[in-house]
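# Residue-level structural notes
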Amino acid sequence: MAFTFTAGAVEPGTGNIFYTATTDTNSAAGTINPGFEPVEIIVINTTTPITHRWLKGMAAGTANKVVAAGTQTTVGSNGITVAGPNSASPVLPTVTLGTDLHINSASYVILLKRGN
């Protein structure tokens, strides 16, 4: 297992969910089932300061990526994918963090934002 997630903590006022995660040396994607289809996802690698951000409307597997030096790029594959309840599979919304987000033995903070 590449990503190990904590149980999500729901922010009472907004319904947004926060997770923390760690990775091992096996580079693989990780999956979260938040129970809703997020409109924004922010993943912060707190070990190697790298931030990935995905907004509803972005293509599957993409993300905006900002590294410690402030350089910003677009990840074209292996980024963040959201499969909503209207997709063929799975039935429940699923968020997949692709291998571009994986850094060996790192810690992460993940925010999944609900729409209004």
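Everything in this summary refers to the structure shown in the same document. Since the structure is predicted, the reported quantities are computational estimates derived from the model, not experimental observations.

## Focus on the overall build of the chain
Scanning the chain from terminus to terminus reveals zero helices and 10 strands. The order of helices and strands in the chain, counted from the N terminus, is β-β-β-β-β-β-β-β-β-β. Its C-alpha atoms give the chain a radius of gyration of 13 Å, near enough to 13 Å, the size a compact globule of 116 residues would have. Every one of the 116 residues in the chain was classed for burial, and the buried ones make up 37%. For the chain, long-range pairs separated by at least 24 residues make up 52% of all intrachain contacts whose partners lie at least 6 apart in sequence. Of the roughly 6000 Å² of accessible surface on the chain, 55% is carried by carbon and sulfur atoms. Of the side-chain charges in the chain, 5 are positive and 5 negative, and the distance between the mean point of each set is 7 Å.

## A word on the nonpolar core
For soluble globular proteins, the rule of thumb is that nonpolar side chains tend to be buried together. Formed by 21 residues in total, the largest nonpolar core has its most connected members in Ile41, Val43, Ile80, Val95, Leu97, Ile110 and Leu112. Those elements that provide at least two residues to this core are β3 (17-23), β5 (40-45), β8 (72-83), β9 (94-97) and β10 (107-113). For valine 95, the contacting residues outside a window of four places in its chain are Gly30, Thr31, Ile32, Pro34, Pro38, Ile41, Ile80, Thr81, Val82 and Leu112.

## Regarding the pairing of β10
Where β3 lies against β10, six bridges are found, and the strand directions are antiparallel. Opposite threonine 22, over in β10, you have serine 107 as the bridge partner. Note: β5 against β10, six bridges, orientation antiparallel. Counterpart to isoleucine 41 in the pairing with β10 is leucine 112.

## Things to note about a nonpolar patch on the surface
A surface patch of nonpolar side chains, about 210 Å² in accessible area, is lined by Phe18, Ile44 and Val109. Residue position: valine 109 is located in strand β10. Residue classification places valine 109 among the partly exposed residues on the basis of a relative accessible area of 34%.

Parameters at a glance
- Residues numbered from 1 in each chain as written.
- Predicted model: local features only at pLDDT ≥ 70, side-chain atom pairs only at ≥ 80, totals over all residues.
- Heavy atoms only, no water.
- Helix = DSSP H or I, 4+ residues; strand = E, 2+ residues; numbered from the N terminus.
- Rg over C-alpha atoms; globule rule 2.2 N^0.38 Å.
- Buried < 20%, exposed > 50% of the residue type's maximum accessible area, 1.4 Å probe, protein only.
- Contact = heavy atoms within 4.5 Å.
- Areas by Shrake-Rupley, 256 points an atom, 1.4 Å probe, with all protein chains shown as cover.
- Lys, Arg positive; Asp, Glu negative; His and termini not counted.
- Charge placed at Lys NZ, Arg CZ, Asp CG, Glu CD.
- Core = buried A, V, L, I, M, F, W, Y, C linked by side-chain atoms within 4.5 Å.
- Pairing = 2+ DSSP bridges.
- Patch = residues over 30% accessible without salt bridge, like charges linked within 9 Å, V, L, I, M, F, W, Y side chains within 5 Å.
- Salt bridge = Lys/Arg side-chain N within 4 Å of Asp/Glu carboxyl O.

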